[in-house]
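# Close look at the chain arrangement
So you can see what is in the structure, the chains are spelled out below.
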Amino acid sequence: MATTKRERQKAARRLKMEQMEREAKRRKNLRRAVIVAIVAVLVIGSAALLFSGKSTPTTTSTASTTTTVPTTTTTTVPVKRTAVIDPSPAGKFGTAPTVVVPPGAPSKNFEVSDLIVGTGPAVKNGDKLTMQYVLATYSTRKVIQSSWTSQPFTLTLGVTGLIPGWDQGLLGMRAGGRREMIIPPSLGYGSQSRSGGIAANDTLVFVVDLLKIG
């Protein structure tokens, strides 16, 4: 009888240990599933914010660390463009440009000029573009963002939720070209301020390189 009782006790302990191991494994798998779900939500949410065209900031920081696609509400109404009165140096395509904010008060005009003229077909709405850019603002009078510190980015003109100044200012560019765009608040972020150096009603100075179309 004693032997039988000990065997029953051992069997009970073994069953209990097996049950505890199964429960621990279940909790581990549940935690892993929760972590995977959270990561997926964060990735999808970041992509949605980046390209949704809403005014919520994407990522902004100093020019040495961050690439930020300039997104906000898009407009399809053509706007008048004038030549940049005091353009930045043309520099060399394929190397980061030097952006110079013109002295004095910003113009109210939308100024666009090619610093380097590219070749091939001209950009039109619906084209997929691979770009590099540098951004300076009148409020800081210095460069606050640059994709050259990380990597080029892609967009689809007229589809990706860019600020109106980009949707309008990139039209007609050709691959291998460098263009300067001085964008008034009405075609930029308007009265919204953005962390990282973009003030309310700020005028933006972009120099963009079009690496390729398609």
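Residues numbered from 1 in each chain as written. Predicted model: local features only at pLDDT ≥ 70, side-chain atom pairs only at ≥ 80, totals over all residues. Heavy atoms only, no water.

## Observations concerning the overall build of the chain
- Looking only at helices and strands, the chain features two helices and six strands.
- Listed by position from the N terminus, the elements making up the chain come as α-β-β-β-β-α-β-β.
- The 214 residues of the chain split such that 35% are buried.
- The contacts of the chain with a sequence gap of at least 6 include a subset with a gap of at least 24, amounting to 74%.
- Accessible surface computed for the chain: about 11900 Å², of which carbon and sulfur atoms make up 59%. (Helix = DSSP H or I, 4+ residues; strand = E, 2+ residues; numbered from the N terminus. Buried < 20%, exposed > 50% of the residue type's maximum accessible area, 1.4 Å probe, protein only. Contact = heavy atoms within 4.5 Å. Areas by Shrake-Rupley, 256 points an atom, 1.4 Å probe, with all protein chains shown as cover.)

## Digging into the confidence of the model for the chain
- For the chain, per-residue confidence averages 80 on the pLDDT scale, and 71% of positions sit at 70 or higher.
- With pLDDT under 50 throughout, residues 39-67 is counted as low confidence; its partners more than four residues away or in other chains account for 51 contacts. (pLDDT = per-residue confidence, 0-100.)

## Some words on the pairing of strand 1 (residues 111-116)
- With five of six residues buried, strand 1 lies mostly within the body of the structure.
- Pairing analysis gives five bridges linking strand 1 to strand 5 (residues 178-183), with the strands arranged antiparallel. Residue pairing across strands places Glu111 opposite Ile182, the latter belonging to strand 5. (Pairing = 2+ DSSP bridges.)

## A word on the side chain of Glu180
- Within the secondary structure, Glu180 sits in strand 5.
- One buried charged residue, Glu180, remains without a salt bridge, the closest side chain of opposite sign being Arg178 at 9.4 Å.
- Filtering out sequence-adjacent residues up to four positions away, Glu180 remains in contact with Val84, Pro87, Ser88, Val100, Glu111, Val112, Ser113, Leu115, Val205, Phe206 and Val207. (Lys, Arg positive; Asp, Glu negative; His and termini not counted. Salt bridge = Lys/Arg side-chain N within 4 Å of Asp/Glu carboxyl O.)

## Brief notes about the pattern of salt bridges
- Within this structure, the stated rule accounts for three salt bridges.
- Put simply, Asp114 and Arg179 hold a salt bridge, and the shortest N to O gap is 2.8 Å. Taken together, the residues span a long stretch of sequence, with Asp114 in strand 1 and Arg179 in strand 5 at a distance of 65 residues.
- With a relative accessible area of 4%, Arg179 lands in the buried category.
- Across the pair Arg178 and Asp209 runs a salt bridge whose closest N-O atoms are separated by 2.6 Å.

## Notes on the packing of aromatic side chains
- Overall, the coordinates contain five aromatic pairs when judged by the stated rule.
- Centroid distance Phe153 to Trp166: 6.0 Å. Interplanar angle 35°. Geometry classified as tilted. Within this pair, whereas Phe153 is found in strand 4 (residues 153-156), its partner Trp166 is found in helix 2 (residues 164-169), the two being separated by 13 residues in sequence.
- A centroid spacing of 5.3 Å and a plane angle of 85° characterise the contact between Trp166 and Phe206, whose relative ring orientation is edge-to-face. One end of the pair, Trp166, is in helix 2; the other, Phe206, is in strand 6 (residues 204-213), with 40 residues separating them in the sequence. Across this residue pair, the class does not change: Trp166 and Phe206 are buried.
- Here a set of aromatic residues connected by ring pairs shows up, and it is made of Tyr133, Phe153, Trp166 and Phe206. (Phe/Tyr/Trp six-rings, centres within 6.5 Å; stacked < 30°, edge-to-face > 60°.)

## Some details on the pairing of strand 5
- With six of its six residues buried, strand 5 lies for the most part within the structure.
- Of the two faces of strand 5, the one holding Arg178, Glu180 and Ile182 and the one holding Arg179, Met181 and Ile183 are both buried throughout.
- As defined by bridge partners, strand 5 adjoins strand 6 across six bridges and the pair is classed as antiparallel. Among the inter-strand pairings, Met181 is bridged to a residue of strand 6, identified as Phe206.

## So, the environment of Ile116
- You can see Ile116 is positioned in strand 1.
- In this structure the C-alpha to C-alpha distance between Ile116 and Asp209, which are 93 residues apart in sequence, comes to 8.9 Å.
- Setting aside its immediate chain neighbours within four residues, Ile116 contacts Ala90, Gly91, Lys92, Phe93, Gly176, Gly177 and Arg178.

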